[in-house]
Amino acid sequence: MEVTRREALGLFGVTAAWGLLQPGLGSAWASMQAPDTWHHGSSLFGDLKYGPDFQHFDYVNPQAPKGGRVRFQALGAFDSLNPFTYKGRPATAIVYAFDALTMPSMDEPSTSYGLIAEAIKFPADFSQVTYRLRKEARFHDGQPVTPADVIFSMEAIKKGLPQYAAYYRNVVRGEQTDDNEVTFFFDQKGNRELPNITGQLIVLSKHWWEGKDASGNQRDITTTSLEPPLGNGAYRFERMNVGRSIVMKRVEDYWAKDLPVNRGTNNFDEIVQEYFLDPAVAFEAFKADQYDWRTENSARNWATGYNFPAAQRGDVVREEFKFDNPAPMQAFAFNTRRPKFADARVRLAFNYAFDFEWANRTLFYGQYKRPDSYFAGSELASSGLPQGKELALLEPLREQVPPQVFTEPYSNPVNATPAQQRENLRKAMMLLNEAGWTFDKGALKNAAGEVLSVEFLLDDPALERVVLAYVQSLKRLGINATIRTVDTAQYQARVNTFDFDVITHIWAQSLSPGNEQRTYWGSAAADEPGSDNVVGIKNPAIDTLIDKVIYAESREDLVAACRALDRVLLWNHYVVPQWYSPLTRTARWDRFGHPEIIPKYQTGFPTVWWYDAEKAAKIGGQG
């Protein structure tokens, strides 16, 4: 499974060890759910699909067999088993060892049900939230999960991960308010999302983290370590080959295995994460049956790479899925902390120079679309001119946002013909001239005589073929453009410290955005090492609109706020949008079964799938 660190932690991303955790997943209960009353689950949009006595989710097979193993790939290597710090390169599969307070539903937007917490309540002003913990909740050493563990977890993970610090910055303290209850208090009222996103909190063992390791050294959650952390989830650490593979084993006496939220899930005896140095090697390893499942991100592979014998025999199954989530924004992201990218005209010039149409036609086999929104393919995407509630939100910010926000629908430049390519390069040069860059002896220079140079920092050699063509277009404008491809460790270290000109970055969104928008675009996150505000945005208008998203009191208000935020982000030209596929392309060795109903928002693999011994026998053993 290819996941980033934040996705593996269940924050902001699409896939997590225990299912689907999307940005802003929680938000508040619907208005018909009485405040300050215990509930077994929560939903933003209306009644819960599953009642207090539900037996299992509809998208599982409650009689799914247990057994077998599943193998995923990861790129690069790992040097740590501590995923709760931005330092180092953690083996992300370790998160299968942990449970959160609540479990998200994969077939309801913005809905979750109790896991470690059996019930939750909060007052009408959303100023705090209380969780009642299950008395049977246990860590793998047999110790009970306590309110002290929950409070410690909030404090420790906020300390170790900048994303958490921003996501939960309004959580000012936690207190034990009864024998098995913990209450989180907020520094504001009316933030409808806070009461439930705290339910996404992974619960750590206070006594383990505050203890010492086998060598007598004090454990520190902010540092890297190869000591397997104590968990409480469906899997525990089994073994590893440092940097190359990690094996997680299902816990036979897992305390929560019979809870309704877990029936029909966690079916594999072993989860194996295999590491490969680069995507080309990883694909060859898949063809050689060195791992079982891949989400295919290469259009070329998808179009031409699956003609190997196992795929021709049907031993490898290719399948495309269409889900209801917004498409992620994948883009060339500028580091606006550097003065040469501070002018939006310069950034827009780079967009005019990017020939998406050529790349899609020549390199991508026509499989991609170009994102024209940070919420593409959903009702949250802006379109046309702002009207109604969206216009009302933008009007007070008129002097702080680009004038085009009010006068022109956003669209990316189109380079479908040679004439359009020439015209777009002319527009790019005009913008650069307006921003103070002039062509002198074959190079663009500013008034101080500095040459406009840009380094594209990559960690995936497969991107080079796209960027090389882009570099040639930029050089025609007199821009000294270069490419540097580094290993995953160096790349992550440079991104964490904002030591780059331009990178490729992906921002995943959900149907219910919320506090994670602060980590993406908020001023407070711009200087936090390791934050997702890689662009370095410090824009008061955007901060205002983020708050409008977070404090939306209805679905209609949320949609309007997201569209307004989308429009302002687009017209500031912080990125050059790249491409996306409306389909999720997957390939797997045919050893697995799945429920009749696939969840609406993700494949559910491996959470609700299982090892099919009969299928496996037909194609032979693994690896």
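All residue numbers here refer to positions counted from 1 along the written sequence of the relevant chain. Per-residue local features of the predicted model are confined to residues with pLDDT of at least 70, and side-chain atom pairs are confined, for both listing and counting, to 80 or more; whole-chain, interface and lining totals are unaffected and use all residues. Hydrogens and water are ignored here; the side-chain numbers use all heavy atoms of the structure.

1. Focus on the sheet that holds strand S4 (residues 111-114)
- Criterion used throughout: strands pair if DSSP finds at least two bridges between them. Working definition: helices are DSSP H or I runs of at least four residues, strands are E runs of at least two. Numbering for both runs from the N terminus. Ordered by their spatial adjacency, three strands build an open sheet running S1-S4-S3, and the pairing between neighbours is antiparallel. Among the strands making up the open sheet, the edge pair consists of strand S1 (41-43) and strand S3 (102-104). Taken over all neighbouring pairs, the strand axes of this sheet differ in orientation by 25 degrees on average, direction set aside.
- In this structure, S3 lies alongside S4, joined through three bridges in antiparallel fashion. Following the sheet pairing, Met103 is matched in S4 by Tyr113. Axis geometry follows a simple rule: fit a line to the C-alpha atoms, using only the stretch in contact for helices, then measure angles between N-to-C directions, giving values from 0 to 180 degrees.

2. Re the environment of Val568
- Relative to the helices and strands, Val568 resides in helix H18 (residues 555-571).
- Classification of residues uses two cut-offs on accessible area relative to the type maximum, computed with a 1.4 Å probe and protein chains only: under 20% is buried, over 50% is exposed, and between them is partly exposed. Of the residues examined, Val568 reaches a relative accessible area of 0% and is grouped as buried.
- Counting along the chain gives 23 residues from Val568 to Leu545, while the straight-line C-alpha distance between them is 9.0 Å.
- Contact partners of Val568, with chain neighbours within four places excluded, come to Leu394, Val401, Val405, Ile542 and Leu545. Only heavy atoms enter the contact rule, under which two residues are in contact if any of them lie within 4.5 Å.

3. Here's the deal with the pattern of salt bridges
- For salt bridges, the criterion is a side-chain nitrogen of Lys or Arg within 4 Å of an Asp or Glu carboxyl oxygen. This model, assessed by the stated rule, comprises 36 salt bridges.
- For the salt bridge of Lys538 with Asp527, the shortest nitrogen-to-oxygen distance reads 2.6 Å. Here Lys538, found in the loop between helix H16 (516-521) and helix H17 (540-550), pairs with Asp527, found in the loop between H16 and H17; they are eleven residues apart in sequence, far enough to count as distant.
- Through salt bridges that share partners, Arg338, Lys340, Glu455, Arg484, Arg494, Asp499 and Asp501 make up one connected network.

4. Some points on the nonpolar core
- Only buried Ala, Val, Leu, Ile, Met, Phe, Trp, Tyr and Cys residues count toward a nonpolar core, and they belong to the same one when joined by side-chain atoms within 4.5 Å. In this structure, Phe57, Leu101, Tyr131, Phe184, Leu201 and Leu204 are the most contacted members of the largest nonpolar core, which totals 77 residues.
- Looking at which element gives the most residues to this core, the answer is helix H2 (residues 147-160), with six residues.
- Core analysis: the next-biggest nonpolar cluster, separate from the first, contains 46 residues, Val495, Ile542, Val549 and Leu569 among them.

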